[in-house]
There are 2 protein chains.
Amino acid sequence: MSDGVGSKRVAFQGERGAFSEEAAVKLLGERVALVPRPTFESLFAAVGEGAADLALAPVENTLAGSVHRVYDLLLESRLHMTAEVVIPIRHFLIGLSGSEAEEVKTVESHPVALAQCERFFASRPDIRRVAADDTAGSVANVLRRGDPSCAAVAGRRAADIYGGQILREGLEDHRENYTRFVLLAPEASEVKEADKLSLVVKLAHRPGALHHALEPFARRRLDLLKIESRPLRGQPWEYHFYLDLRAPAGDPELTAALEELHERAASVRVLGHYASSRQ
Amino acid sequence: MSDGVGSKRVAFQGERGAFSEEAAVKLLGERVALVPRPTFESLFAAVGEGAADLALAPVENTLAGSVHRVYDLLLESRLHMTAEVVIPIRHFLIGLSGSEAEEVKTVESHPVALAQCERFFASRPDIRRVAADDTAGSVANVLRRGDPSCAAVAGRRAADIYGGQILREGLEDHRENYTRFVLLAPEASEVKEADKLSLVVKLAHRPGALHHALEPFARRRLDLLKIESRPLRGQPWEYHFYLDLRAPAGDPELTAALEELHERAASVRVLGHYASSRQ
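Residues numbered from 1 in each chain as written. Chains lettered and ligands numbered in written order. Predicted model: local features only at pLDDT ≥ 70, side-chain atom pairs only at ≥ 80, totals over all residues.

### Quick word on the overall build of chain A
Definition in use: To qualify as a helix, a DSSP run of H or I must reach at least 4 residues; to qualify as a strand, a run of E must reach at least 2; elements of each kind are numbered from the N terminus. The burial label depends on the number of other C-beta atoms within 10 Å of a residue's C-beta. Counts of 20 or more mean buried, 12 or fewer mean exposed, and intermediate counts mean partly exposed, with C-beta atoms placed from the backbone. Throughout, a pair of residues is in contact if the C-beta atoms placed from their backbones lie within 7 Å.
Regarding its fold elements, chain A presents 9 helices and 15 strands. Each principal axis of the C-alpha distribution contributes one length, and for chain A these read about 65 × 45 × 30 Å. Considering chain A as a whole, with its 279 residues, one finds that 47% of them fall into the buried category. Considering only intrachain contacts with a sequence separation of at least 6, the fraction spanning at least 24 residues in chain A is 73%.

### As for unusual backbone geometry
Positioned with a positive phi, Arg 221 of chain A is a non-glycine residue whose angle comes to about 60°. Assessed through the 11 C-beta atoms surrounding it within 10 Å, Arg 221 of chain A is described here as exposed.

### Brief notes about the interface of chain B and chain A
Many authors give the size of an interface as the accessible area that is lost as the parts come together. Let me state the cut-off plainly: In this count, Pro and Cys sit with the nonpolar residues alongside Ala, Val, Leu, Ile, Met, Phe, Trp and Tyr, while Asp, Glu, Lys and Arg are called charged and the others, Gly among them, polar. Strand pairing follows a simple DSSP-based rule, namely that at least 2 bridges must link the two strands.
Listed as interface residues are 31 residues of chain B and, on the opposing side, 31 residues of chain A. Elements with a contribution of two residues or more to the side of chain B that touches chain A: β4 (65-66), α4 (111-115), β8 (128-131), α8 (209-219) and β13 (224-231) of chain B. In terms of residue count, the dominant contributor to the side of chain B that touches chain A is β13 of chain B (6 residues). Its residues placed into classes, the side of chain B that touches chain A shows 15 nonpolar, 7 polar and 9 charged. Summarising the sheet, strand β8 (residues 128-131) of chain A and β8 of chain B pair through 3 bridges and their orientation is antiparallel. When the sheet's bridge partners are listed, Arg 129 of chain A is paired in β8 of chain B with Ala 131 of chain B.

### Observations regarding the pairing of strand β6 (residues 92-95) of chain A
All names here are of chain A. The alternating pattern of β6 places Phe 92 and Ile 94 on one face and Leu 93 and Gly 95 on the opposite face, and all of these are buried. As judged from the 3 bridges shared by β6 and strand β9 (residues 150-154), these two strands associate in the antiparallel manner. Within β9, the residue paired with Ile 94 across the bridge is Ala 152. With 3 bridges joining them, β6 and strand β10 (residues 165-168) adopt antiparallel strand pairing. By the bridge assignment for β10, Ile 94 is matched with Ile 166.

### Details of the relation of the copies chain B and chain A
Short version of the rule: Least squares is the method used to superpose the copies, on C-alpha atoms of residues holding a pLDDT of at least 70 in both.
Of the transformation superimposing chain B on chain A, the axial component is 0.0 Å and the angular component is 180°, with the fit at an RMSD of 0.0 Å. Such values leave the two copies arranged in the relation of a two-fold axis. Taken together, the interface assignments show that 100% of the residues at the interface of chain B recur at the interface of chain A, consistent with an identical surface on both copies.

### Notes on the sheet that holds β9 of chain A
As a general point, the strands of a sheet are linked pairwise by backbone hydrogen bonds and lie either parallel or antiparallel. What counts, and what does not: Between N-to-C directions, angles cover 0 to 180 degrees, with each direction set by a line fitted to C-alpha atoms, over the stretch in contact for helices.
Taken in spatial order, the 10 strands make up an open sheet running β10(A)-β6(A)-β9(A)-β7(A)-β8(A)-β8(B)-β7(B)-β9(B)-β6(B)-β10(B), and their pairing is mixed. What marks the edges here is a single partner per strand, and that holds for β10 of chain A together with β10 (165-168) of chain B. Each strand axis lies, on average, 40° off the axis of its neighbour in the sheet, ignoring direction. Sheet contacts for helix α6 (residues 135-145) of chain A: β6, β7 (106-109) and β9 of chain A; angle to β9 of chain A, the most-contacted strand, approximately 160°.

### Details of the domain arrangement of chain A
Residue and element names in this part refer to chain A. For the record, the criterion: Segment limits for the domains were obtained from an automatic or database-derived domain assignment.
According to the domain assignment, chain A contains domain 1 (5-88 + 177-185), domain 2 (92-168) and domain 3 (196-274). On a C-alpha basis, the centroid separation for the pair domain 1 and domain 3 is 24 Å. Between domain 1 and domain 3, the residue contacts involve 11 residues of the former and 9 residues of the latter. Elements with a contribution of two residues or more to the side of domain 1 that touches domain 3: α3 (68-76) and β5 (80-88). Examining the composition of the side of domain 1 that touches domain 3, we find that 5 residues originate from one element, β5, more than from any other. A class-by-class count of the residues in the side of domain 1 that touches domain 3 yields 6 nonpolar, 4 polar and 1 charged.

### Some remarks on the confidence of the model for chain A
Applied cut-off: Residue-level confidence of the predictor is what pLDDT reports, using numbers from 0 through 100.
Taken as a whole, chain A shows an average pLDDT of 91; of its residues, 96% reach a score of 70 or greater. Reported confidence for the predicted complex is 0.79 by ipTM and 0.86 by pTM.

### Observations regarding the environment of Thr 179 of chain B
Position of Thr 179 of chain B among the secondary structure elements: in strand β11 (residues 178-185). For Thr 179 of chain B, a count of 21 C-beta atoms within 10 Å gives the class buried.

### A few points about the environment of Leu 73 of chain A
Residue and element names in this part refer to chain A. Mapped onto the secondary structure, Leu 73 falls in helix α3. Residue class for Leu 73 comes out partly exposed when judged on the 19 C-beta atoms lying within 10 Å of it. Between the C-alpha atoms of Leu 73 and Pro 125, which are 52 residues apart in sequence, the distance is 38 Å. Excluding residues that lie within four positions of it along the chain, Leu 73 makes contacts with Phe 40 and Phe 44.

### Focus on helix α1 (residues 19-28) of chain A
Residue and element names in this part refer to chain A. Of all 10 residues making up α1, 8 are buried, and the element is well covered by its neighbours. Among all positions in α1, only Phe 19, Ser 20, Glu 21, Glu 22, Ala 23, Ala 24, Leu 27 and Leu 28 are buried. With its phi angle positive at about 90°, Gly 29 sits one or two positions after the end of α1.

### Structural notes on the packing of helix α8 (residues 209-219) of chain A against α8 of chain B
Basically, it comes down to this: By definition, turning the near helix anticlockwise from the far helix through less than a right angle yields a left-handed crossing, and turning it clockwise yields a right-handed one.
Viewed as axis vectors pointing N to C, α8 of chain A and α8 of chain B meet at an angle of 145°, and their least axial separation amounts to 10 Å. Between α8 of chain A and α8 of chain B lies a crossing whose hand is left-handed. Contacts between α8 of chain A and α8 of chain B involve Leu 210, His 211, Leu 214, Glu 215 and Ala 218 of chain A from the former and Leu 210, His 211, Leu 214, Glu 215 and Ala 218 of chain B from the latter. Class assignment of the residues belonging to the contact of α8 of chain A with α8 of chain B gives a composition of 6 nonpolar, 2 polar and 2 charged.

### Some details on helix α2 (residues 40-48) of chain A
Residue and element names in this part refer to chain A. Defined as follows: This arc describes the spread of directions from the helix axis toward the C-beta atoms.
Of all the residues in α2, the buried ones are Leu 43, Phe 44, Ala 46 and Val 47. Along the axis of α2, the buried positions cluster into a sector of 145°, meaning they face one direction only. Considering only its buried residues, α2 is in contact with β1 (9-13), β2 (33-37), β3 (54-61) and α3. Gly 50 occupies a position one or two residues after α2 and carries a positive phi of about 80°.

### Overview of the nonpolar core
So the rule is basically this: Nonpolar cores are identified as sets of buried Ala, Val, Leu, Ile, Met, Phe, Trp, Tyr and Cys residues joined via C-beta atoms within 7 Å.
In this structure, Ala 55 of chain A together with Ala 55 of chain B are the most contacted members of the largest nonpolar core, which totals 171 residues. Beyond its immediate stretch of four places on either side in the chain, Ala 55 of chain B contacts Val 10, Ala 11, Leu 43, Phe 44, Ala 46, Val 47, Leu 79 and Leu 184 of chain B.

### Let's talk about the packing of α8 of chain A against helix α9 (residues 252-264) of chain A
Residues and elements named next belong to chain A. Going by this rule: Here is the rule for angles: anything less than 35 degrees is roughly parallel, anything more than 145 is roughly antiparallel, 65 through 115 is roughly perpendicular, and the remaining ranges are oblique.
Between α8 and α9, the least distance of the axes is 8 Å, while the angle of their chain directions is 170°. Classed by the angle they form, the pair α8 and α9 counts as roughly antiparallel. Across the interface between the two elements, His 212, Ala 213, Pro 216 and Phe 217 of α8 pack against Ala 257, Glu 260, Leu 261 and Arg 264 of α9. Here the contact of α8 with α9 is composed, by residue class, of 5 nonpolar, 1 polar and 2 charged.

Quick look at the structure:
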């Protein structure tokens, strides 16, 4: 195995041309070796099985919120976040070369992508929507079938890779549609430019527990970027909190705050300390 | 207009037989007059337009998380939360009377319902999935078409209302699938059994701001039930926080804590003070 990032094999969820692939290329460059995996479960398994050196997983979308299934898998796995990347999600209507948007009668895509284009479908009640496993895979399907009345909803990269024609741009209901991905590695690495720390904390459910847990960070003026409570399955009145903190690399205050947090929480899992996306 | 809840008109999002209708009946009884609305936007508009006295809106699902669009509309509207209800989400395969699950080749439903039954569809790769506006509406469509190779995914209530046959139960991937709804009224009401307070707080983005804002509640041992940060659209580095607090009716400590919060936050919007669901 080479030590260059360009020759690392990176697993992502989806087929070639997926938004996750676009994120991998934005983060690591076009030279990266891409390993598509059909599900989040197989994505997380890919590194342990030796099929990939790294995995890229979506953790948050500005419209849909946190990807809870990925957080669940992060907690089950021993992978570490080592970088993040944010990409805009733009949906395109993609069909056969020479076809027209007006003649399209069937559109297939991932259910979440279809749900993010409700305004377009409301304006075209004649179109039948078909759910598929993957945005990019639905472009491949449409081109394979060769029926000009069929089109797919996917990102621009899928049109480029499979040779589809963009019939309409900007299908998404909301422009402020971004997805944040994290790069996962089997070992935690010391990232010199690290400025963001992600952790999952379990607290006893009693009044003031969260306030008490945040105090070591507030006292040291370590800034909270994200917080979210999630009920623990099968454990009523207990919660996980997902936290992202602004945390400069090598800051002794951060180490001290984390030590205090360990004393105040039922459990603390640092998911990673990495450089935040420039997006 | 009568003062009995049974004769109030309650708007919900979806068609007759939707999960939202099931929630309305669970909360208010079978006598309630139900007003179906196609979208969240038209649901929120229904009360102002005089088409309904109350509206019932989903705010949270255990798998998918918060319904951000509903929180956005709550902030834009002047409606008040006056009650909550939690229902389990169970998906059923519903087809024509006399048909069999094995002969089904096309299944239609709302994209989110389809996405929650991935294990079933993985076991039946021969089935084509079609996205529809509504779970219950897709049952009505299937029965109208009369093709035994077509079925829908929806709740049991939709099968009962439209006369469909349940071909398979428990299609959902995860059993712990619950949705929490809130009842919205044009006026805030004093609920004697109120024990839960929902609010949205805007804080300046500076270190310790959240810790400082929670302190008046922690000091008085007022318990936090839910917290979630959401970036504010078009205002980088500013956040809304959704908060739910355990807050007994008539507690002077709660009033005092809210007064302190107003001094510490850029803005505070109390969404409602209501009795929590017995679920």
